[in-house]
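Now for the letters of each chain:
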Amino acid sequence: MLLFRSEEHLEAWVARARPPASTVLSLEQIAGLAHAWYVNKLAPDWKRHTAEEAEALFARLHLDPEFWRPR
Amino acid sequence: MSTDAVTTAPFDQEVRMVIARRIREQGVIPSIGEVATLLQVEPASAEAAFVRMAEAHVFIPRRGSPEIYAYDPFCSEPTDFAVRAAGRDWSAICGWDALGIPAALRTTGTVRTRCGDGCGEPITIEIGADGTATGNAVFHSGVPARHSWDDIYFT
């Protein structure tokens, strides 16, 4: 899971590296995902997201539903 | 991706809280031995909890060991994803985790890395306490979510 300076840099890398699968997130999407995923990680009542919770979060962030299908 | 039920044994929860407290208050991911000392239990008991938690994907263990490699989003070793938050320097195993460190600490932060295409250009992202991000970057994932734990060291 890598960060790129711009979509042009990312597209050049994808063309060169040819990863077997590929999806792109905007900074807004990855920031929203990271915050929601980890905000409770150090809390006493932390528990992992259920598949249903993960699917709802991915949908709220408009992520590719097939790529981000959790199961 | 890991969304299974977490280990809920009371002792495992105690271990998890010790780990979280050490990270939050000292900026350190503790070893099995440190956790055993802090909880005043035999190292074998702490190790058994670490094994259960690793199997439940609470954290990523070191290869061939139940010790913690990454208590996501926090990595126990320096990486290419550096984060400054809560007055400390942290590292993360990927961009997703790097942006998650300020969230886990419930504070603001700065993520520093370099462009993934090898051009060497620095990337700096400022994270607000509400999780909003400012900077120039796009994120790429090459592993579908349902396969993220197939080879977590690659993911």
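Computed from a predicted model, the values in this text were never measured in an experiment.

## Some points on the interface of chain A and chain B
1) Next: Tallying the contact residues gives 44 residues for chain A and 42 residues for chain B.
2) Next: Elements that contribute at least two residues to the side of chain A that touches chain B include exactly strand S1 (2-4), helix H1 (7-17), strand S2 (23-26), helix H2 (27-38) and helix H3 (51-60) of chain A.
3) Next: Element by element, the count of residues in the side of chain A that touches chain B is highest for H2 of chain A, at 10 residues.
4) Next: A class-by-class count of the residues in the side of chain A that touches chain B yields 27 nonpolar, nine polar and eight charged.
5) Next: Strand direction decides the pairing type here: S2 of chain A and strand S9 (residues 138-141) of chain B, joined by four bridges, are antiparallel. Paired with Val24 of chain A across the bridge in S9 of chain B is His140 of chain B.

## Digging into the confidence of the model for chain A
1) Next: Considering every residue of chain A, the mean pLDDT works out to 91; 100% of them sit at 70 or more.
2) Next: Looking at the elements of chain A, mean pLDDT is at its lowest for H1 of chain A, recorded as 92, and at its highest for H2 of chain A, recorded as 96.

## Notes on the sheet that holds strand S2 (residues 68-71) of chain B
Residue and element names in this part refer to chain B.
1) Next: If you walk across this open sheet you meet the three strands as S1-S2-S3, and the pairing is antiparallel. Whereas interior strands pair on both sides, the edge strands pair on one side only; in this sheet they are strand S1 (60-61) and strand S3 (74-75).
2) Next: Sheet topology note: the S1/S2 ladder contains two bridges and is antiparallel. Each bridged residue has a counterpart across the sheet, and for Pro61 the counterpart in S2 is Ile68.

Criteria and thresholds
- Residues numbered from 1 in each chain as written.
- Chains lettered and ligands numbered in written order.
- Predicted model: local features only at pLDDT ≥ 70, side-chain atom pairs only at ≥ 80, totals over all residues.
- Contact = placed C-beta atoms within 7 Å.
- Helix = DSSP H or I, 4+ residues; strand = E, 2+ residues; numbered from the N terminus.
- Nonpolar A, V, L, I, M, F, W, Y, C, P; charged D, E, K, R; others polar.
- Pairing = 2+ DSSP bridges.
- pLDDT = per-residue confidence, 0-100.

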